[in-house]
Amino acid sequence: GASIEIMILKARQLGMTTLVQLLIAMRIIFSYGVTAVIGSADQSKTSEMSNMLLFAYDMIPCWLRPQSTSRVESDRGKLMFGGLNSGVRFQHGAQKLGIATGSTPTAYHLSEVALYTDHFKLIDEGLWKAVHASPRVLGILESTGRGNTGWWAETWYYSKSHWPNCRMCPLFLPWFCGIEMYP
């Protein structure tokens, strides 16, 4: 009965971005009424994330794949399904306006959040004001961290010490979770 919002502090190359992109793709492609937003620290990284999602959509068999009504392949693009009233917009952590301004997302995935330019404007005032607590919400913030100070570190420590009485569930994935890379 609660929203799923997770803050992932992770080592590099563990495949979390790919996994979460597949979860977001599954939601927008096979569910009705899903508004999603994805983004990374800058425009080029956001393009890489959007390419993961678009590739997943393109690989679905044509008899199972819903018809997209709008597809813009860029760092500020989108993939929309009018018949499902679902879609995803691509944004990034260096933009001027808050993330998800003008929409009410039920799914979000932001990557490399520690590198965002203005966390307060983009996430606190933008994204988190637009996302309302609901069992339909899936939200993931992920980053490799960037020291013990700043918005990411403070939010991590707060979530870690106040869970389950706070918004974000903290999840730490250290380097040795990558058993294929780190024997």
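See the structure above.
Residues numbered from 1 in each chain as written. Predicted model: local features only at pLDDT ≥ 70, side-chain atom pairs only at ≥ 80, totals over all residues. Heavy atoms only, no water.

**Some details on the sheet that holds strand 8 (residues 169-173)**
Then, number 1: Strand order in the open sheet formed by eight strands is 3-4-5-2-6-7-1-8, with mixed pairing between adjacent strands. With partners counted over all chains shown, the strands left at the sheet margins are strand 3 (70-72) and strand 8, one partner each. Averaged over all neighbouring strand pairs, the angle between strand axes comes to 15°, with direction disregarded.
Then, number 2: Direction of pairing for strand 1 (residues 4-10) relative to strand 7 (residues 138-143): parallel, over a ladder of six bridges. Each bridged residue has a counterpart across the sheet, and for I6 the counterpart in strand 7 is I140. (Pairing = 2+ DSSP bridges. Helix = DSSP H or I, 4+ residues; strand = E, 2+ residues; numbered from the N terminus. Axes fitted to C-alpha atoms, helices over the stretch in contact; angles between N-to-C directions.)

**Some points on the packing of aromatic side chains**
Then, number 1: This model, assessed by the stated rule, comprises three aromatic pairs.
Then, number 2: Judged by centre distance (5.8 Å) and plane angle (40°), the ring pair of W128 and W151 falls under tilted. Pair noted here: W128 is in helix 3 (residues 119-130) and W151 is in helix 4 (residues 151-162), with a separation of 23 residues, a long-range link. Across this residue pair, the class does not change: W128 and W151 are buried.
Then, number 3: Measuring from centroid to centroid gives 5.6 Å for W175 and F176, while their planes differ by 80°, and the two rings are edge-to-face.
Then, number 4: With a relative accessible area of 51%, F176 lands in the exposed category.
Then, number 5: Cation over ring: R65 sits above Y57, and NZ or CZ is 5.6 Å from the ring centre. (Phe/Tyr/Trp six-rings, centres within 6.5 Å; stacked < 30°, edge-to-face > 60°. Buried < 20%, exposed > 50% of the residue type's maximum accessible area, 1.4 Å probe, protein only. Lys NZ or Arg CZ within 6 Å of the ring centre and 35° of its normal.)

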